[in-house]
Amino acid sequence: MNGWLKSSLAGMVIGAGIIIARDYMFAERGDPDSYFYAISKSAAAVVNIFIRSRHAGTEDGYGSAEIKSSGSGIIMSSDGLIITNYHVIMRADENSIIGVQLRDGTVFEASLIGYDKRTDIAVLHVNSNYPLPRIMINENRETHLGDVVLAIGNPYNLGQTITSGIISAVGRRGSGITRLNRIDITDGIQDLIQTDAPINSGNSGGALVNTKGEFVGMSTATMSDSNDAKAYGISFAIPARQVLSILAEILKNGRVIRGYLGILAENIYDENQEGSVKSRSRGIVITSIDPHGPARGELQPGDIIVSVNGNEARDMQTLMDLVADSSAGTKVTFEIIRNGRKSSCEVVVSEQNAD
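Please read these numbers as outputs of a predicted model, since none were measured by experiment.

(A) Broad picture of the overall build of the chain. Tallying secondary structure elements over the chain gives 5 helices and 22 strands in all. Burial statistics for the chain: of 355 residues in total, 44% are counted as buried. Residue pairs in contact within the chain that sit at least 24 positions apart in sequence constitute 60% of those at least 6 positions apart. Carbon and sulfur atoms make up 50% of the accessible area of the chain, which totals about 18500 Å².

(B) Main features of the nonpolar core. Membership of the largest hydrophobic core comes to 45 residues, with the highest contact counts inside it found for Ile49 and Ile83. When residues of this core are assigned to their parent elements, the largest contribution, 6 residues, is made by helix α4 (residues 240-253). Those residues in contact with Ile83 that lie beyond four places of it in its chain are Gly73, Ile74, Met76, Ala122, Val123, Gly205, Phe215, Met218, Val243 and Leu247. Residues Leu261, Ala295, Val308 and Val332 belong to the second largest nonpolar core, which totals 20 residues.

(C) View of helix α5 (residues 316-324). If you check which residues of α5 are buried, you get Met316, Gln317, Leu319, Val323 and Ala324. Buried residues of α5, seen end-on, are gathered within an arc of 160° and therefore sit on one face of the element.

(D) Broad picture of the pattern of salt bridges. Summed over all chains, the structure comprises 5 salt bridges. Where Glu346 meets Lys331, a salt bridge forms, and the shortest distance between an N and an O atom there is 3.9 Å. Of this pair, Glu346 sits in strand β21 (residues 341-348) while Lys331 is found in strand β20 (residues 331-338), placing the two residues 15 residues apart along the sequence.

(E) Spatial organisation of the pairing of strand β4 (residues 96-101). Here β4 lies mainly inside the structure; 5 of its 6 residues are buried. As paired strands, strand β1 (residues 46-53) and β4 are joined by 6 bridges and run antiparallel to one another. Looking at the pairing, Phe50 lines up with Gly99 of β4. Hairpin geometry of β4 and strand β5 (residues 107-116) is characterised by an intervening segment of 5 residues between the two adjacent antiparallel strands and by a positive phi of about 100° at Gly105.

(F) Spatial organisation of the packing of aromatic side chains. Evaluation of the coordinates by the stated rule reveals 1 aromatic pair. In this structure, Arg52 is placed above the aromatic ring of Phe50, and the distance from its NZ or CZ to the ring centre is 5.1 Å.

(G) Expanded view of unusual backbone geometry. For Asp120, which is not glycine, the phi dihedral falls at a positive 60°. Its location among the elements puts Asp120 in the loop between β5 and β6 (121-125). Given a relative accessible area of 2%, Asp120 falls into the buried group. Its identity as a non-glycine residue notwithstanding, Asn339 has a phi of 55°, on the positive side. Tracing the backbone through its elements, the reader meets Asn339 in the loop between β20 and β21. When its relative accessible area of 77% is taken as the criterion, Asn339 is described as exposed.

(H) Highlighting α4. Counted at 1.5 Å a residue, the expected span for α4 with its 14 residues is 20 Å, and the 20 Å between its end C-alpha atoms agrees. Listed in full, the buried residues belonging to α4 are Ala240, Gln242, Val243, Leu244, Ile246, Leu247 and Ile250. Once α4 finishes, Gly254 follows within two positions and takes phi at roughly 80°, a positive value.

(I) Molecular detail of the environment of Pro198. Note that Pro198 resides in the loop between β11 (190-195) and β12 (207-209). What makes Pro198 partly exposed here is its relative accessible area of 36%. With 37 residues separating them along the chain, Pro198 and Ser235 place their C-alpha atoms 6.8 Å apart. Apart from residues lying up to four places away in sequence, Pro198 is in contact with Ala151, Thr163, Ser164, Asn203 and Ser235.

Rules and cut-offs
- Residues numbered from 1 in each chain as written.
- Predicted model: local features only at pLDDT ≥ 70, side-chain atom pairs only at ≥ 80, totals over all residues.
- Heavy atoms only, no water.
- Helix = DSSP H or I, 4+ residues; strand = E, 2+ residues; numbered from the N terminus.
- Buried < 20%, exposed > 50% of the residue type's maximum accessible area, 1.4 Å probe, protein only.
- Contact = heavy atoms within 4.5 Å.
- Areas by Shrake-Rupley, 256 points an atom, 1.4 Å probe, with all protein chains shown as cover.
- Core = buried A, V, L, I, M, F, W, Y, C linked by side-chain atoms within 4.5 Å.
- Arc of directions from axis to C-beta.
- Salt bridge = Lys/Arg side-chain N within 4 Å of Asp/Glu carboxyl O.
- Pairing = 2+ DSSP bridges.
- Phe/Tyr/Trp six-rings, centres within 6.5 Å; stacked < 30°, edge-to-face > 60°.
- Lys NZ or Arg CZ within 6 Å of the ring centre and 35° of its normal.
- Expected span 1.5 Å × (residues − 1).

Structure, rendered in structure tokens:
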């Protein structure tokens, strides 16, 4: 009997421990069949952004004025720092008001701190008398294929809406937004997250979060074909780490400063017997040189770039990243192959035109 009692008590203690652990886990992570926890932690930090003309017929300047554009934004700090897509606010001018509406309906007039057209990121600021809810940021959390994500935004000006999906791909390259809410997926400086979470017109600038409510990326665009037909289930977001990097640059310099080399080049490929691309090989071959660019006189068409500052450059993307990360006015060392012989040269990088 005594042994039975001990066993019963032990079972009760273990059972209670499981229940407490389960309740703690659900309190921290939410019901596994619901995304309520993630939404409760992140949705208040996603705002509606709209552009209106100042010549409204109302005292507050917001009333019946024509809306030039509408989108979403993300509160990055409790003191009113907000990010959105550049294409959301690109039509704003001195006669416009950039309005920011919180989830509770409170409206602020925002000032534009700066923007970067190449990555489609803009930074705004609003003055508030109280701390604003900010998005959760976990820079140590990795993004993986198959992760469940939620897109929070203001599609078609319906009001805040949440859609869900998974991360379909990472490392997609884009050269920037070419049309409103449409993106050009070609070699470029952007490193994009692909998701099947629906991102519609008005979602641009909104948050992509994980099931913990942590910031994963900024919703940017959907893909379309040459006939401008929307590709359902293929949407893109700018990764959180890139957003944070661009944000820091804009806050520091008012703009993003990138190195400019002044060349056109293309990847060199190894081909298999069928002629299809197998792998990238020796580097990048220069096809032309900007006669007024910094590389003139040092690099030549036909040169094969092998490395940049000792870093292997096997493809155009690597080359673009290495040069763009170089400060204007600094010397960059190139290892090249010219006429079958290896040599090296130095180029003083200039600042890339922001447009």
